[in-house]
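# Tertiary structure, described
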Amino acid sequence: MKEFQIKPNEANQRFDKYLHKLLPQAPNSFLYKMLRKKNIVLNEKKATGKEQISAGDMVKLFLSDETFEKFHVSDRPAVSVPPRAAGRVNLDIVYEDADILIINKPCGMLSQKANASDISANDLVLQYLLDTGCVTAEDLQTFRPSICNRLDRNTSGLLIAGKTLAGLQDISEQIRERRIDKYYHCIVNGVLRAKTPQQLCGYLYKDHKDNRVQVSRKPLKDGQYIETEYKTVRLYGACTLLEVRLITGRSHQIRAHLAAIGHPVIGDSKYGDPDVNAYYKRNAHIRHQLLHANRLRLADGREFCAPLTEDFRKMEAFLEESRP
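Here we summarise the structure given alongside this text. (Residues numbered from 1 in each chain as written. Predicted model: local features only at pLDDT ≥ 70, side-chain atom pairs only at ≥ 80, totals over all residues. Heavy atoms only, no water.)

### So, the pattern of salt bridges
- Taken as a whole and assessed by the stated rule, the structure comprises 21 salt bridges.
- Here Lys-7 makes a salt bridge to Asp-139, at a shortest N to O gap of 2.8 Å. Of this pair, Lys-7 sits in the loop between strand E1 (2-5) and helix H1 (15-22) while Asp-139 sits in the loop between helix H4 (121-131) and strand E7 (146-147), and the two are 132 residues apart along the sequence.
- When its relative accessible area of 19% is taken as the criterion, Asp-139 is described as buried.
- We note a salt bridge from Lys-314 to Glu-310, for which the minimum N-O separation is 3.7 Å. Highlighted residues: Lys-314 and Glu-310, both in helix H8 (residues 310-321), separated by four residues, approximately one helical turn.
- Classification of Lys-314 by relative accessible area gives partly exposed; the value is 27%.
- The class of Glu-310 is partly exposed, set by a relative accessible area of 41%.
- In this structure, a network of salt bridges that share partners links the residues Asp-181, Glu-229, Glu-243, Arg-245, Arg-295, Arg-297 and Glu-303. (Salt bridge = Lys/Arg side-chain N within 4 Å of Asp/Glu carboxyl O. Helix = DSSP H or I, 4+ residues; strand = E, 2+ residues; numbered from the N terminus. Buried < 20%, exposed > 50% of the residue type's maximum accessible area, 1.4 Å probe, protein only.)

Structure representation (structure tokens):
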């Protein structure tokens, strides 16, 4: 017999959902059969799996050790990190409290892994929480802290992670209801004079084959509505530094939307101008696209900022030196 007490990070979910995390290899038919036969009970009572569990609830599994280990797979790796990250993980932490963690993601890092071999910001957050004792490997069997928002691999800036179930649910709800204001800085090709915020609206269509999107002003089949707001921060001759507010959050939205109006982000290899990118790579030593999630404001009014990257500083220095 195995006995488990529901922890705060496991509470406020359906009992069957918890059981799927505890016994991830067990088929539905097995779990519901065990519930019917009272081989799995909740607070000493027969359960259906639809119950909402609370912190302190007791779960008993009348299963053999062999059966439990077969479905529990307790030896699965909690998180994979590269050899250079062995030991203490160094994250650029902007803010941390009991429930959330905000980091400044560098260019070139995935927010969440796309393939099993990838090392992502999400992996490094998990490793940091393990290293600092915020979670244990056992905790990760039934609750996994996670990155709540995403940035493209070559977009740097602020990512929010939920450390606890309460933090994860709260931030995810704020994002879903668009109650978090997300601001980006980018340097685009061409001159855009916009002292007041300008709205861009359209429809985004994704080509999954080559991972590109297109923007149309008119709704077409399978299109997603997008809305982007921008204003000019500074003019640099043939370039403009913009502050962009992401109103809807779609894949590649900012890059594709600005490219669609003829002002691609400098350094963007997918939607940018190859000749312009080559010029600034050669002369300003730009290595990444100049798009950075520099500021966000939570629903409660708390605001967080991340400094611009080295590439931004190089570009601004080059543009200042190039002024006539």
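The discussion continues.
### Brief notes about the packing of aromatic side chains
- Evaluated as defined, the whole model comprises eight aromatic pairs.
- Ring centres 4.7 Å apart and planes at 40° place the aromatic pair Tyr-95 and Phe-304 in the tilted group. You can see Tyr-95 sitting in strand E5 (residues 93-96) and its partner Phe-304 sitting in strand E15 (residues 303-305), a full 209 residues away along the chain.
- With relative accessibility at 23%, the residue Tyr-95 sits in the partly exposed group.
- For Phe-304, a relative accessible area of 9% gives the class buried. (Phe/Tyr/Trp six-rings, centres within 6.5 Å; stacked < 30°, edge-to-face > 60°.)

### What about the side chain of Lys-182?
- Of note, Lys-182 is situated in strand E9 (residues 181-189).
- One buried charged side chain, Lys-182, makes no salt bridge at all; its nearest oppositely charged neighbour is Asp-181, positioned 9.1 Å away.
- Here Lys-182 is in contact with Val-244, Arg-245, Leu-246 and Arg-295, once residues within four sequence places are set aside. (Lys, Arg positive; Asp, Glu negative; His and termini not counted. Contact = heavy atoms within 4.5 Å.)

### A closer look at the pairing of strand E10 (residues 198-207)
- As judged from the seven bridges shared by E10 and strand E12 (residues 224-236), these two strands associate in the antiparallel manner. Among the inter-strand pairings, Gly-202 is bridged to a residue of E12, identified as Ile-226.
- Pairing of E10 with strand E11 (residues 212-216) involves five bridges; the strand directions are antiparallel. Paired with Tyr-203 across the two strands is Ser-216, which belongs to E11.
- Hairpin connection from E10 to E11: four residues lie between these consecutive antiparallel strands, with Asn-211 at a positive phi of about 55°. (Pairing = 2+ DSSP bridges.)

### Brief notes about H8
- When the terminal C-alpha atoms of H8 are compared, their 17 Å separation across 12 residues agrees well with the 16 Å that a helix rising 1.5 Å per residue should span.
- Restricting attention to buried positions, one finds in H8 the residues Asp-311, Phe-312, Met-315, Phe-318 and Leu-319. In a view along the axis of H8, the buried residues occupy a sector of 130°, so they form one face of it.
- Looking at the buried residues of H8, the elements they touch are E9, E12, strand E13 (239-246), helix H7 (274-284) and strand E14 (291-297). (Expected span 1.5 Å × (residues − 1). Arc of directions from axis to C-beta.)

Interpretation note: all reported values are geometric properties and have no functional meaning in isolation.
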